[in-house]
Amino acid sequence: MRTLWLSLLLCIAQAASVSQSSAGETRAAEILDRFEHANQWRHHVMVAAHRAGGMQAGKTLYPENSIAAVEGSIAMGAEIVEVDIRRSKDGEFVVMHDSWLDRTTTCKGEVAEHTLAELKTCRLVVEGTGIVSNETVSTLREMLVVTRDRILINLDNKLQVGDLPGMIALARDLGVAEQVIVKENLWNAQRIAKVKAAMDAIGGGFQFMPILADDAVRDAAFAETVERAFSMRAAELINWRAGGETLTETGGPLFSPRMRDLAVRGDWHIWADTYAIINKPGGFLSGGRGDELAVQASLPRETYGFWAEHGATIIQTDEPKVAIDWLAAHGYRVPYAQPRIEPATTASIK
């Protein structure tokens, strides 16, 4: 339950957000301010759309990792879109989750075995429906242009750490590096050193987020080591669920009071994942408290409310509209001065 003082704080923040926003400020600039100043916005839970969004109430409306899905997520008020990055045969960064094309496009075979020209003949399909859209495989450049000044973009690097400099160079060329969040899994000192060397070589001007999963990291003390190595505004924490165990009551070892205190001291967000993993138990990344529980079991409080109360100020989900609507209705969202942006394009269906 939200306390009276927190409700008062929310009202004050609403007024401040309107009064402090300049007429020329973009929606992305407002979002970036909340991302970079976690402690000022702990009463607001940001929403990241997994694979760019595209689902609503269990129904897939747009192809994953599509421009249409990005447009839909922007229109509904999500703050971040997460997209997956691979390379074509001729070295272009493209947006695709799988290493192969069969599941999400009209083409077949490995992404890396096709040139960009060949990938541009592959039409994206709406998963589970067989519906073919008018969109082809997007390049990272195209995706950055669409998101510029409108929303933050989280790049899930399906390649190697050494590929990150090229992605950031592209974002810098377009003037959007500040809006880009890159992330890497960290689990021991050797991994920290490897990723830190890569980040130092790239330089600043973008957002780096570590991923910590409790199959390997069992204590917030490791996050303190990570915090000393990196300048970070968020940490993605994963509470694994194995088999048919009961729903987590605590969030696991990483969603601890010590971790929450550490996040406050460091002024960074705790990021939770509620999206589903194919062929894995429901809530596989969230102790059973995932989108399936929120939508299929109609228990959004036990998903989004639980993670918000356990310190999460960013939730990555396959159901951004359900999450935003529930969080807003229960006092976990503060309106932006800049209005939601209507989609510029939509995916037509063949």
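Residues numbered from 1 in each chain as written. Predicted model: local features only at pLDDT ≥ 70, side-chain atom pairs only at ≥ 80, totals over all residues. Heavy atoms only, no water.

**Topic: the overall build of the protein**
On a plain count of helices and strands, the protein comes out with twelve helices and 13 strands. Sorting the 350 residues of the protein into buried and exposed places 55% on the buried side. Taking contacts inside the protein between residues at least 6 apart in sequence as the whole, the part at least 24 apart equals 71%. As displayed, the protein offers around 14400 Å² of accessible surface, 54% of which is attributable to carbon and sulfur atoms. (Helix = DSSP H or I, 4+ residues; strand = E, 2+ residues; numbered from the N terminus. Buried < 20%, exposed > 50% of the residue type's maximum accessible area, 1.4 Å probe, protein only. Contact = heavy atoms within 4.5 Å. Areas by Shrake-Rupley, 256 points an atom, 1.4 Å probe, with all protein chains shown as cover.)

**Quick word on the pattern of salt bridges**
Evaluated as defined, the whole model comprises 20 salt bridges. Measuring nitrogen to oxygen at the nearest pair gives 3.3 Å for the salt bridge that ties glutamate 236 to lysine 183. Of the two residues, glutamate 236 sits in strand β11 (residues 234–238) while lysine 183 sits in strand β9 (residues 180–185), which places them 53 residues apart along the sequence. Like lysine 183, glutamate 236 is buried. Residue glutamate 249 pairs with arginine 289 through a salt bridge whose shortest N-O separation is 3.7 Å. Taken as a pair, glutamate 249 in the loop between β11 and α9 (257–266) and arginine 289 in the loop between β12 (269–273) and α10 (291–295) lie far apart in primary sequence, 40 residues in all. Since its relative accessible area comes to 3%, arginine 289 is described here as buried. (Salt bridge = Lys/Arg side-chain N within 4 Å of Asp/Glu carboxyl O.)

**What about helix α3 (residues 67–76)?**
The buried fraction of α3 amounts to nine of the ten residues, a majority that puts the element mostly inside the structure. Every buried residue of α3 is listed here: Ile67, Ala68, Ala69, Val70, Glu71, Gly72, Ser73, Ile74 and Met76.

**A closer look at the environment of arginine 191**
Relative to the elements of secondary structure, arginine 191 occurs in helix α7 (residues 189–202). Among residues more than four places away in sequence, those in contact with arginine 191 are Val161, Glu184, Asn185 and Leu186.

**Some details on the side chain of arginine 34**
With respect to the element layout, arginine 34 can be found in helix α2 (residues 27–36). Although arginine 34 is buried, it forms no salt bridge, and the closest oppositely charged side chain is glutamate 30 at an N-O distance of 4.8 Å. A polar atom in the side chain of arginine 34 sits 2.8 Å from the backbone oxygen of valine 334. Among the polar contacts listed, one links the side chain of arginine 34 to the backbone oxygen of proline 335, at a separation of 3.1 Å. (Lys, Arg positive; Asp, Glu negative; His and termini not counted. Polar contact = N/O pair within 3.5 Å; in protein donor to acceptor, adjacent residues only side chain to side chain.)

**Re the side chain of aspartate 291**
You can see aspartate 291 is positioned in helix α10. Of the side chains with opposite charge, arginine 51 lies nearest to the buried aspartate 291, which makes no salt bridge, at 11 Å. Of note is the side chain of aspartate 291, whose polar atom sits 2.8 Å from the side chain of tyrosine 304.

**Some thoughts on unusual backbone geometry**
Backbone geometry at arginine 51 places phi at a positive 50 degrees, although glycine is not the residue there. Secondary-structure assignment places arginine 51 in the loop between β1 (46–49) and β2 (55–56).

**Let's talk about the confidence of the model for the protein**
This prediction gives the protein a mean pLDDT of 90; 89% of its residues lie at or above 70. Long-range and interchain partners of residues 1–23, a stretch whose pLDDT sits below 50, account for 26 contacts in this model, where long-range means more than four residues apart. Counting contacts from residues 345–350, a segment whose pLDDT is below 50, to residues more than four positions away or on other chains yields 17 contacts. (pLDDT = per-residue confidence, 0-100.)

**Structural notes on the nonpolar core**
Note on soluble globular proteins: their nonpolar side chains tend to be buried together. If you look at the biggest cluster of nonpolar residues, it comprises 72 residues, and the most contacted ones within it are Leu144, Leu155, Val182, Met199, Phe230 and Met259. Counting residues per element, this core draws most heavily on helix α6 (residues 164–174), at six residues. Leaving out residues up to four positions away in the same chain, valine 182 has contacts with Leu155, Leu164, Ile168, Met199, Phe206, Gln207, Phe208 and Met209. Within the second largest apolar cluster, 13 residues are counted, among which are Phe35, Ala48, Ile181 and Ile314. (Core = buried A, V, L, I, M, F, W, Y, C linked by side-chain atoms within 4.5 Å.)

**Section: the pairing of β1**
In β1, alternate side chains face the same way, and those of Met46 and Ala48 on one face and Val47 and Ala49 on the other are all buried. Here β1 pairs with strand β13 (residues 312–317) via four bridges, running parallel. Bridged to methionine 46 within β13 is isoleucine 314. Examined bridge by bridge, β1 and strand β4 (residues 80–87) share two bridges and lie parallel to one another. Note that in β4 the partner of alanine 48 across the bridge is isoleucine 80. (Pairing = 2+ DSSP bridges.)

**Here we look at the packing of helix α8 (residues 220–229) against α9**
Relative orientation of the contacting elements α8 and α9 amounts to 20 degrees, with a least axis distance of 9 Å. It follows from the interaxial angle that α8 and α9 lie roughly parallel. Judged by the sense of rotation from one axis to the other, the crossing of α8 with α9 is right-handed. When α8 is examined against α9, the residues Ala220, Ala221, Ala223, Glu224 and Glu227 are found in contact with a partner set consisting of Arg258, Met259, Leu262, Arg265 and Gly266. Considering only residue class, the contact of α8 with α9 consists of five nonpolar, one polar and four charged. (Axes fitted to C-alpha atoms, helices over the stretch in contact; angles between N-to-C directions. Parallel < 35°, antiparallel > 145°, perpendicular 65-115°, else oblique. Left-handed = near helix turned anticlockwise from the far one by under 90°. Nonpolar A, V, L, I, M, F, W, Y, C, P; charged D, E, K, R; others polar.)

**With respect to the state of the cysteines**
In protein structure, a disulfide is the covalent linkage between the sulfur atoms of two cysteines. In total, this model carries one disulfide according to the counting rule given. Linked covalently through their sulfurs, cysteine 107 and cysteine 122 form a disulfide whose S-S length is 2.2 Å. The disulfide joining cysteine 107 to cysteine 122 has a torsion of about -105 degrees about its S-S bond and is therefore left-handed. One end of the pair, cysteine 107, is in the loop between β5 (93–95) and α4 (116–119); the other, cysteine 122, is in the loop between α4 and β6 (123–126), and 15 residues separate them in sequence. By relative accessible area, cysteine 122 is classed as buried at 0%. (Disulfide = S-S within 2.5 Å.)

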